[in-house]
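Descriptive analysis of the structure
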Amino acid sequence: MELYIDCSEGLGNEPFTYGFINTCLKSLVIEKFGEATWEALRSQADVQETFMTFNVYDDAITLRLVQAASQMLNLPAEAVLKLFGGYFFTFCKVSGYDRMLRTLGGSLMEFIENLDALHSYLALSYQEMKAPSFRVEKREDGEMWLHYYSDRRGLCHIVPGIIEAVAKDFFDTEVEMEILNHSEESTEMMEHVVFLVVQKKLSQRCRERSETSKQSKEKELDKEEIERYLQKMKVKYDALSHCSVKRTHWDLLRSIVRFGQSNTLCSFEPVYPEKLWMDKKAFCDAFPFHIVFDEKLKVKQAGVNIQKHVPGLQTMNIRVDEYFTITHPAIPFTIPSIRKFINSQFILEARREMMPESWKTQPMLKLRGQMLWMGIFQCMIYLCSPQLRCLQELEERKMHIADIAQHDTTRDLILLNHQRLAEIELSNQLERKKEELRILSKNLEVEKKKTELLLYAMLPEHVANQLKEGKKVEAGDFKECTILFSDVVTFTNICAACEPIQIVHMLNSMYSQFDRITTVHDVYKVETIGDAYMVVGGVPIPAESHAERVANFALGMRMAARSVKNPITGDPIQIRVGIHSGPVLAGVVGDKMPRYCLFGDTVNTASRMESHGVPGKIHLSPTANRALQNKGFEIVERGPITVKGKGNMITYFLVQNLHVTEDDIMGIPPMSNEGDPKQCNGGSKGNSEQSKQNEHNNSEDQDHKPVVSMKYADSKQTPTDREINRSQHNECPGSTVIFGGEGGAESRLDLNNKETLHKENGKSEFCILL
């Protein structure tokens, strides 16, 4: 059962613990403190997540768990061990050992005295187990001393937790324990702890509850039941009175009491014969495994089969300790030591060096049995049987079932345990398969999340979910949205002068930063074709602040582009950005590689704003300008220009956001030494060098920092917020309120370079095909 240590064992200098123990400790933490506490404890102790019952694990794992629990719960290690001891008793009961534990003894003392026998039984299943030993000493003053022996030092504090739980549950007794002596046995380097065990009577509340229960039971017996019972006893008496054998009145009364199965006969006194009616040969044949030795350990008598397997015992007066060692309990082979543990099971193992040469390669014989002191002869008799777990061990020791006496239950035990070991192995295999399935399921869930993230990167989440469910995605009509196009200036020249891999690296660096900024402002990336990057705000989830989001995203694009170098010149690349607001129709197109596409004149106009734009500038259409009025943006008028397919239009340039910082726009968490909040994304020209340096540093670090979502007036209505990691950075100065901006005709710019108004190869025309 039942002690932590009795399911633990040590082999040489490498102690091990069965997984049953670690599973119990895990269950304790989860039940008392929650799943999160166990995960934190497991992480701190650096141990695996699950343990298999019949597998052995390094003892250091359990010790690390106890130490981590002590630190996390702010409790002494002794308190943690005692708590574990009490819980381990409950864990054993619910694991199927309840009836076995209840039948160990009728009192706490008997229970403890039979623990070693229980350990011996459990060793059949836990084959590597090396159990502790217990010895109870009843003092003259009525006190009970519990002697605990174990080669597992430092775990004695588990014992009070278990004993107190046993006393309370099985015997309705309160127990207090304290350590009287803590020493180390010099012979076996074993820990020897002596506990004072004080049993208290039931509390007054318990006695009152017991008396109330008795009274209620007495009331349940009505007069009719009493009359019926008396009539039944009278019938029994009448039947006995006609017996042909003459009996006294006391004999009749005794017969009635016995017939009624009363507990009046509560005492028993055995009757011993005047002499033993059994000769020596019959005794040695009936008990083929026994040894009788005197105070000097000289063998006086041995069973026939123990002589067969240990030939040296046929020589009388040889010392028993020359041929055997006591492996359990771990005590010296002396009569006084044996008498201290007279109520324990003793396991003796034959010495290999005393066996015939041809036998030294096979496993040594182990005996398990009981020691009895015969005071008249001043001798000890060891009644035993071979300690065998299965038929394989029987064969390895060159033994047969016939070698074991007919009355010895070891014969049945070997056969039954052979089947049980097969069941345990099957249980082990099922447990391993279960663990493998759990790990596979966990890995599958991780891969599923990766797949979903990849899918959500290609399609809007609600659209992707509808496609996964096999539903048809209906096209959506959006009355208001803002679309952005951007491209790289002189991209054709760069492609002609560079290796393809350099172009790939440049675009990947730029687009990775752009993708990150889409998360900051919750805008949807439609697609990229070559150097063209298309983004929309207000689609697929409508948002009133769609124009503000796209405008801030455009400012972030311009900042991010400064950190991307031209592969030819090494200078920062320049981009053109065009923005237009209006209605669109959106839907999923295609079965293979389906895309979420936008349709309508708004797409075409936004593309024209980009193609007629200026390097390094953000070009706004009249509708985009109106959508951004009084939103806190600095906008300057460009003036009338001729737009292909649109005629003359008065367009504008977006300069900056007057009320948020560059870090807010880029989604960078605020630093501890924050800069002046008045320093915005492009306003102060005197700090331009410092801004460039900050941009360079931010571009190197921003991919490794959490993304801080910029807050808008309608942010709470946007489900995309849950996708952004901002648990540690919920505040962004100046980003919650956006005020009105300013602009005028006096800010009008006169542009002379007409070549920049056209895009090479007409790449922006792809939007017309949509």
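Residues numbered from 1 in each chain as written. Predicted model: local features only at pLDDT ≥ 70, side-chain atom pairs only at ≥ 80, totals over all residues. Heavy atoms only, no water.

**Here we look at the sheet that holds strand 9 (residues 299-302)**
- Read across the sheet, 6 strands follow the order 9-8-13-12-11-10 without closing on themselves; strand pairing throughout is antiparallel. Strands at the two margins of the open sheet, each flanked by one partner only, are strand 9 and strand 10 (324-328). Strand-to-strand, the axes of this sheet are offset by a mean angle of 30°, without reference to chain direction.
- Pairing of strand 8 (residues 290-294) with strand 9, which is carried by 3 bridges, proceeds in the antiparallel orientation. The partner of F293 across the bridge, within strand 9, is V299. (Pairing = 2+ DSSP bridges. Helix = DSSP H or I, 4+ residues; strand = E, 2+ residues; numbered from the N terminus. Axes fitted to C-alpha atoms, helices over the stretch in contact; angles between N-to-C directions.)

**A word on unusual backbone geometry**
- Residue P329 is reached from H328 by a cis peptide bond, and omega for that bond is -5°.
- With an omega of 5°, the peptide bond running from V539 to P540 counts as cis.
- Within the fold, P540 resides in the loop between strand 16 (532-537) and helix 19 (546-561).
- Of note in this structure, Q378 is not a glycine but carries a positive phi near 55°.
- Tracing the chain through its elements places Q378 in the loop between strand 12 (366-374) and strand 13 (379-386).
- Phi is positive for T490, close to 55°, though the residue is something other than glycine.
- Following the sequence through the fold, T490 ends up in the loop between strand 14 (476-488) and helix 17 (491-497).
- Note on T490: relative accessible area 32%, which makes it partly exposed. (Buried < 20%, exposed > 50% of the residue type's maximum accessible area, 1.4 Å probe, protein only.)

**Some thoughts on the pattern of salt bridges**
- Tallied over the entire structure, the rule returns 23 salt bridges.
- Between E452 and K468 there is a salt bridge whose closest N-O contact spans 3.2 Å. Highlighted residues: E452 in helix 15 (residues 410-458) and K468 in helix 16 (residues 461-468), separated in sequence by 16 residues.
- For E452, a relative accessible area of 21% gives the class partly exposed.
- The closest approach of N and O atoms between K646 and D601, which form a salt bridge, is 2.5 Å. (Salt bridge = Lys/Arg side-chain N within 4 Å of Asp/Glu carboxyl O.)

**What about the confidence of the model for the protein chain?**
- Within the protein chain, residue pLDDT values average 77, and 76% of them lie at 70 or more.
- Ignoring residues within four places in sequence, the model shows residues 240-245, a span with pLDDT below 50, making 3 contacts including any to other chains.
- In the model, residues 259-265 has pLDDT below 50 throughout and makes 5 contacts with residues more than four positions away in sequence or in other chains. (pLDDT = per-residue confidence, 0-100. Contact = heavy atoms within 4.5 Å.)

**Here we look at a negative patch on the surface**
- A cluster of acidic side chains, namely E140, D141, E143 and E178, defines a negative patch on the protein surface.
- Relative to the assigned elements, D141 resides in the loop between strand 4 (133-138) and strand 5 (144-150).
- According to the relative accessible area criterion, D141 is exposed, its value standing at 55%. (Patch = residues over 30% accessible without salt bridge, like charges linked within 9 Å, V, L, I, M, F, W, Y side chains within 5 Å. Areas by Shrake-Rupley, 256 points an atom, 1.4 Å probe, with all protein chains shown as cover. Lys, Arg positive; Asp, Glu negative; His and termini not counted. Charge placed at Lys NZ, Arg CZ, Asp CG, Glu CD.)

**Examining the pairing of strand 17 (residues 575-589)**
- For strand 17, the tally of buried residues reaches 11 of 15 residues, placing the bulk of the element in the interior.
- Bridge count for strand 14 against strand 17 is 11 bridges, and the pairing is antiparallel. Each residue of the ladder has a partner; that of S486, found in strand 17, is V577.
- As paired strands, strand 17 and strand 19 (residues 618-620) are joined by 3 bridges and run parallel to one another.

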